[in-house]
There are 2 protein chains.
Amino acid sequence: MTNGRSSGAISGESLLFLTDEQLQQGIEAMFFAYRGFTADPDRILSEMAYGRAHHRAVHFINRSPGTTVNNLLNILGVTKQSLNRVLRTLIADGLVESRVGEIDRRERHLHLTNEGRLLEGRLSDAQRARMRSAFRDVGPDAVAGFRRVLEAMMDKEMQRAYTRLKESGS
Amino acid sequence: MTNGRSSGAISGESLLFLTDEQLQQGIEAMFFAYRGFTADPDRILSEMAYGRAHHRAVHFINRSPGTTVNNLLNILGVTKQSLNRVLRTLIADGLVESRVGEIDRRERHLHLTNEGRLLEGRLSDAQRARMRSAFRDVGPDAVAGFRRVLEAMMDKEMQRAYTRLKESGS
DNA sequence: AGTTTATGTCAGCCTTGTTGACATTCCAAG
DNA sequence: CTTGGAATGTCAACAAGGCTGACATAAACT
């Protein structure tokens, strides 16, 4: 199970891309690529007192303005206490605005302020620049494959969250 | 720069996959997929007193047996203090063996013990299973595209490290 | 002999996860 | 209407695993 051809590759040629060696390479590719993926925003964030968690919060609030804390919790997959600390500093610094829900006053609806949108833009621009350059290098067909593999690798629940975001955007 | 067509997409149809919206979706796909990618090993690791950092160390020691600490440091991109803490526990627990170099006796060459290989196998099997299922779902062409995009997204230095590993493996 | 390199260790800090305890608000069953 | 449970959010304390800085050791190089 650990070495040689994967247990699933029973026949020949057609499934040669499923050898353990190929899978291993996929794993390492993900590891190194994710490092590159986060490197540029991380550099910007470390100039301020923020970290990757702040980036994630700002990103998804920008993506779904007015979203509730609970909503964000599900997308980010962290505990509410962990998210709360990040939100608290973002609110204190005037990047995020928290509005008490009109229908259900237990809920807090989150919006970026102008200053928040500014930071989001800087971070996104940096991250998009790298992705744009990668996409341009490899062409649309490779990009389509990339997206299909990533989608197949997500947990079912995240697949749904991802699709929902995709459809809400534009 | 922040909304609408990316600044790089000057002409029409052929570069439509470089809109900010498309890039945004790529970013979110990476985020959600990476969560899935680490979820299975994380579950196994949390049963013991180990974390993702231990997984990474064990993975790359398995991949390049006899590698030195310095080598590992470069691949993992952390400080020696951070790596050392992890290695210390792995060695103390008898999963990793550290041998003084024969040519240069300042170096420590790292190897997995049988017990270490056992853990590595459990973790890799879990991670490979997910990747195998994703690869099988989408087919070889999409996988090739996936790998090409990831490679293009890495920092130059990591690209070299990745290629070296790829070529050393079978 | 003196310098550089590879490694390990100690101390202390920060971010970002975690759990537990608690406050507020809503809603539904009595 | 009241009361109890569920949902939501906040505060406190702790752990993992990054980081820097300082320092020790041993070996190699000049």
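The structure this text deals with has already been given above.
The paragraphs below set out a description of the structure included in this document. (Residues numbered from 1 in each chain as written. Chains lettered and ligands numbered in written order. Predicted model: local features only at pLDDT ≥ 70, side-chain atom pairs only at ≥ 80, totals over all residues. Heavy atoms only, no water.)

**Observations concerning the nonpolar core**
The biggest cluster of nonpolar side chains holds 96 residues, and the ones touching the most others in it are A:M30, A:F32, B:M30 and B:F32. In this structure A:F32 touches B:F60, B:I75, B:M154, B:M158, B:A161, B:Y162 and B:L165, once residues within four positions along its chain are discounted. (Core = buried A, V, L, I, M, F, W, Y, C linked by side-chain atoms within 4.5 Å. Buried < 20%, exposed > 50% of the residue type's maximum accessible area, 1.4 Å probe, protein only. Contact = heavy atoms within 4.5 Å.)

**Structural notes on the packing of helix α2 (residues 52-63) of chain B against helix α3 (residues 69-76) of chain B**
Residues and elements named next belong to chain B. Relative orientation of the contacting elements α2 and α3 amounts to 120 degrees, with a least axis distance of 11 Å. In terms of orientation, α2 lies oblique with respect to α3. Crossing geometry of α2 relative to α3 is assigned as right-handed. Residues R56, A57, F60 and I61 of α2 lie in contact with α3, whose contacting residues are L72, I75 and L76. (Axes fitted to C-alpha atoms, helices over the stretch in contact; angles between N-to-C directions. Helix = DSSP H or I, 4+ residues; strand = E, 2+ residues; numbered from the N terminus. Parallel < 35°, antiparallel > 145°, perpendicular 65-115°, else oblique. Left-handed = near helix turned anticlockwise from the far one by under 90°.)

**So, the protein's contact with DNA strand C**
By nearness alone, 24 residues border DNA strand C, and A:R56, A:R85, B:N70, B:K80 and B:R106 come closest of all. Take the atoms of DNA strand C that sit within 4 Å of the protein: sugar and phosphate atoms are 57% of them. A:R105 places a polar main-chain atom, nitrogen or oxygen, 3.0 Å from a phosphate oxygen of DNA strand C. The side chain of B:N84 places a nitrogen or oxygen atom 2.9 Å from a phosphate oxygen of DNA strand C. Among the elements of the structure, α2 (52-63) and α4 (80-92) of chain A together with α3 and α4 (80-92) of chain B are those that each provide at least two residues to the surface near DNA strand C. Taken together, the residues of the surface near DNA strand C sort by class into four nonpolar, nine polar and 11 charged. (Near = heavy atom within 4 Å. Polar contact = N/O pair within 3.5 Å; in protein donor to acceptor, adjacent residues only side chain to side chain. Nonpolar A, V, L, I, M, F, W, Y, C, P; charged D, E, K, R; others polar.)

**Notes on the relation of the copies chain B and chain A**
The transform that puts chain B on chain A rotates by 180 degrees and translates by 0.0 Å along the axis, for an RMSD of 0.2 Å. Accordingly, the operation relating the two chain copies is best matched by a two-fold axis. Within chain B, the C-alpha atom positioned nearest to the axis of rotation is that of B:F146, 1.8 Å from it. When the interface residues of chain B are mapped onto chain A, 100% of them are again interface residues, pointing to one common binding face. (Least-squares fit on C-alpha atoms with pLDDT ≥ 70 in both.)

**Let's talk about the protein's contact with DNA strand D**
As a matter of local geometry, DNA strand D sits amid 24 residues, with A:N70, A:K80, A:N84, B:R56 and B:R85 nearest to it. Among the atoms of DNA strand D close to the protein, meaning within 4 Å, 56% are from sugar or phosphate groups. Residue A:K80 places a side-chain N or O atom 2.5 Å away from a base oxygen belonging to DNA strand D. B:R85 has a polar side-chain atom sitting 2.6 Å from a base nitrogen of DNA strand D.

**Some details on the interface of chain B and chain A**
With 68 residues of chain B in contact, the opposing surface of chain A contributes 68 residues. Summing both sides of the interface, chain B and chain A together bury roughly 7000 Å²; the carbon and sulfur share of this comes to 67%. Broken down residue by residue, the surface that chain B buries against chain A is led by B:F32, B:R128 and B:M153, which jointly contribute 10%. Where chain B packs against chain A, one counts 10 salt bridges. Salt-bridge contacts for A:R63 lead to B:E21; the nearest nitrogen and oxygen are separated by 3.2 Å. (Buried area = accessible area lost by both parts, 1.4 Å probe. Salt bridge = Lys/Arg side-chain N within 4 Å of Asp/Glu carboxyl O.)

**Side note on the side chain of A:D40**
Residue and element names in this part refer to chain A. Relative to the elements of secondary structure, D40 occurs in helix α1 (residues 20-47). Of the polar contacts made by the side chain of D40, one reaches the side chain of R43; its length is 2.6 Å. A polar contact of 2.9 Å, which involves the side chain of D40, links it to the side chain of R130. Not counting chain neighbours up to four residues away, the residues in contact with D40 comprise A126 and R130.

**A closer look at the sheet that holds strand β1 (residues 67-68) of chain A**
Residues and elements named next belong to chain A. Read across the sheet, three strands follow the order β1-β3-β2 without closing on themselves; strand pairing throughout is antiparallel. Whereas interior strands pair on both sides, the edge strands pair on one side only; in this sheet they are β1 and β2 (96-100). Here β2 pairs with strand β3 (residues 108-112) via five bridges, running antiparallel. Among the inter-strand pairings, V100 is bridged to a residue of β3, identified as R108. Strands β2 and β3 of the sheet are contacted by α2, whose axis makes an angle of about 95 degrees with β3. (Pairing = 2+ DSSP bridges.)

**Overview of the packing of aromatic side chains**
Two numbers describe a pair of aromatic rings. These are the distance of the centres and the angle of the planes. The final tally for this structure, using the stated rule, is 13 aromatic pairs over all chains. Relative to B:F60, the ring of A:F31 lies with its centre 5.5 Å away and its plane at 50 degrees, an arrangement referred to as tilted. Placement of A:F31 in helix α1 and of B:F60 in helix α2 is noted, with the two residues assigned to different chains. Put simply, the rings of A:F31, A:F32, B:F60 and B:Y162 touch in pairs and so form one group of aromatic residues. (Phe/Tyr/Trp six-rings, centres within 6.5 Å; stacked < 30°, edge-to-face > 60°.)

**Observations concerning helix α6 (residues 140-153) of chain B**
Counted at 1.5 Å a residue, the expected span for α6(B) with its 14 residues is 20 Å, and the 20 Å between its end C-alpha atoms agrees. Taken together, the buried positions of α6(B) are B:A142, B:V143, B:G145, B:F146, B:R147, B:V149, B:L150 and B:M153. Contact partners of the buried residues in α6(B): α1, α5 (114-138) and α6 (140-153) of chain A together with α1 (20-47), α5 (114-138) and α7 (156-168) of chain B. (Expected span 1.5 Å × (residues − 1).)

**Re the pattern of salt bridges**
Tallying each qualifying case throughout the model produces 26 salt bridges over all chains. Among the salt bridges present, the one from A:R128 reaches A:D125, with a minimum N-O distance of 2.8 Å. Placement of both A:R128 and A:D125 in helix α5 is noted, with a separation of three residues, approximately one turn of the helix. The exposure class assigned to A:R128 is buried, which follows from its relative accessible area of 4%. Overall, A:D125 belongs to the buried group, its relative accessible area being 18%. With a shortest N-O distance of 3.7 Å, B:R122 and B:E47 are connected by a salt bridge. Taken as a pair, B:R122 in helix α5 and B:E47 in helix α1 lie far apart in primary sequence, 75 residues in all.

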